[in-house]
Amino acid sequence: MEERKNFGFGVLIDILKKNPKTIVLTEGTDPRILEASSRLLASNFLHPILVGDPDKIYEVAEESGFNIRGSEIINPRNFDRMDEMVEMFCELRKSKGVTPEQAREILYQNNYFGTMLVKMGIADSLLGGATYSTADTVRPALQLIKTRPGNTLVSSCFILVRPFATGGNEVFAMGDCGINIKPNEDELVEIAEETVRCARIFGVDPKVAFLSYSTYGSGKGEDVDKMRNAARKTKERNPDLPISGEIQFDAAVSPRVAKKKCPQSEVAGNANTFIFPDINAGNIGYKIAQRMGNFSAYGPILLGLNSPINDLSRGCTADEVYSMAIITAALADNKDA
Ligand SMILES: CC(C)(COP(=O)(O)OP(=O)(O)OC[C@H]1O[C@@H](n2cnc3c(N)ncnc32)[C@H](O)[C@@H]1OP(=O)(O)O)[C@@H](O)C(=O)NCCC(=O)NCCS
Ligand SMILES: CC(=O)OP(=O)(O)O
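Below or above, wherever it landed, is the structure these notes cover. (Residues numbered from 1 in each chain as written. Chains lettered and ligands numbered in written order. Predicted model: local features only at pLDDT ≥ 70, side-chain atom pairs only at ≥ 80, totals over all residues. Heavy atoms only, no water.)

1. Regarding the overall build of the chain
When helices and strands are counted, the chain shows 13 helices and eleven strands. Taken over the C-alpha trace, the chain has a radius of gyration of 21 Å; the compact-globule value for 337 residues is 20 Å, and the two agree within 12%. Overall size of the chain, expressed as C-alpha extent along the three principal axes, is 65 × 50 × 30 Å. Put simply, the chain has 337 residues, and 56% of those count as buried. Considering only contacts within the chain whose residues lie at least 6 apart along the sequence, 71% involve residues at least 24 apart. Here the chain holds 39 positive side-chain charges and 44 negative ones, and the gap between their average locations is 5 Å. (Helix = DSSP H or I, 4+ residues; strand = E, 2+ residues; numbered from the N terminus. Rg over C-alpha atoms; globule rule 2.2 N^0.38 Å. Buried < 20%, exposed > 50% of the residue type's maximum accessible area, 1.4 Å probe, protein only. Contact = heavy atoms within 4.5 Å. Lys, Arg positive; Asp, Glu negative; His and termini not counted. Charge placed at Lys NZ, Arg CZ, Asp CG, Glu CD.)

Below is the structure:
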């Protein structure tokens, strides 16, 4: 593996070696999942649990040449604790009036079934989204795992990593590029605080930029006010955190542009933690960095959930599945995550 792919992973793997974990992979017939599983099986720190029909899973593994012998496979269609799972599901969703028959049908879907494995404590963590959309990966977690006490919403961030030519990596955090479609200013405060917390886990000393098409009043509009107010409120709650905003991306990262546009800002030119005004900007922004800027993108890492459950992009590689599995399971041990 090249340096970038090893980024920070030594620490995460050490966490898992001290306390090995299990991770549910809901897309047991996807070759990228099987490749990552075969690598995890060869490790002694993270045990994959594949969801699906074992015959189909072994067929795909054989066709694609991945050795998954010894992996645990659970088929929702003949799970021995299904009655217990149905009962628990009905209890969790009783305000929605779900019948046991409806619950059983829902639980035959790998995404809901896998999420319940975590809820029941049968697995420590879950990773999905190689074939499921983000909405279909995240919805069961929102409905069943729920928001952690003290949080009002689940959000997400990406960790972007690119090697310096001189060695080491540059690391940035971006939120929310995956969950909340049009967050209001208070939601942006929570997204920023959660993204900062996640950035720190990955060794970033956060300098936060609330991004906009305007830098300190150069443009006008509702979204400009939203980002300015969110930056101000976040600063009020976190007086020691370096924050700028509203600010344009060029002023946030280029010292030369920052000097021209906002020399008074404590962050401008050196920002490393970016808060986007909405999911359009965030999702497009991280994908530009990944596909045209040669950054590795780890995420979306879900923030504010009661258990470690993470999503993938459907465009992910097997290597990204492997990395995200390690990140997800290691965060199970990080109470600050
Ligand atoms: C996350 C998302 C799927 C939730 O929306 P939804 O499926 O329509 O969900 P609903 O609004 O019906 O809410 C379902 C449950 O989740 C909860 N919920 C929704 N958004 C939430 C959030 N951000 N945080 C916490 N809970 C949330 C609701 O309260 C509801 O709970 P309940 O069923 O117990 O009452 C939706 O916001 C979405 O599609 N986001 C964009 C995902 C995407 O396409 N990303 C791009 C690729 S990364
Ligand atoms: C995170 C993300 O954008 O997911 P997808 O590419 O699957 O839509």
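2. Considering the sheet that holds strand β5 (residues 155–163)
Overall, mixed pairing links the six strands, which are arranged β8-β7-β9-β6-β5-β10 in an open sheet. Edge positions in the open sheet fall to β8 (243–247) and β10 (296–303), since each of these has one partner strand only. Recorded for the sheet is a direction-independent mean angle of 20° between the axes of neighbouring strands. Pairing of strand β6 (residues 169–175) with strand β9 (residues 273–275) involves three bridges; the strand directions are parallel. Looking across to β9, one finds that Met 174 is bridged to Phe 274. (Pairing = 2+ DSSP bridges. Axes fitted to C-alpha atoms, helices over the stretch in contact; angles between N-to-C directions.)

3. Details of the site of ligand 2
The local shell around ligand 2 consists of Thr 134, Phe 158, Asn 283, Tyr 286, Lys 287, Pro 300, Ser 313 and Arg 314. Measuring from an oxygen atom of ligand 2, one finds a side-chain N or O atom of Ser 313 at 2.7 Å. Protein chains bury 87% of the 260 Å² of accessible surface belonging to ligand 2 in isolation. Top contributing element to the shell around ligand 2 by residue count: helix α12 (residues 279–292), with three residues. Classifying every residue of the shell around ligand 2 gives three nonpolar, three polar and two charged. (Near = heavy atom within 4 Å. Polar contact = N/O pair within 3.5 Å; in protein donor to acceptor, adjacent residues only side chain to side chain. Areas by Shrake-Rupley, 256 points an atom, 1.4 Å probe, with all protein chains shown as cover. Nonpolar A, V, L, I, M, F, W, Y, C, P; charged D, E, K, R; others polar.)

4. Comments concerning the sheet that holds strand β4 (residues 125–128)
An order of β3-β2-β1-β4-β11 is seen for the five strands of this open sheet, with the pairing classed as parallel. Strands at the two margins of the open sheet, each flanked by one partner only, are β3 (72–74) and β11 (309–311). The mean inter-strand angle of the sheet, taken between neighbouring strand axes irrespective of direction, is 25°. Across three bridges, strand β1 (residues 21–25) lies against β4 in parallel orientation. In the sheet register, Leu 25 faces β4, and the bridge partner there is Leu 127.

5. Comments concerning the site of ligand 1
Taken together, 17 residues form the shell around ligand 1, and within it Arg 93, Lys 96, Arg 139, Lys 146 and Val 154 come nearest. Lys 96 is positioned such that a nitrogen or oxygen atom in its side chain is 2.9 Å from an oxygen atom of ligand 1. Here Lys 146 contributes a side-chain N or O atom positioned 2.7 Å from an oxygen atom of ligand 1. Isolated, ligand 1 exposes 940 Å² of accessible area, and the fraction of that covered by the protein chains is 62%. At five residues, the largest contribution of residues to the shell around ligand 1 is made by helix α7 (residues 134–144).

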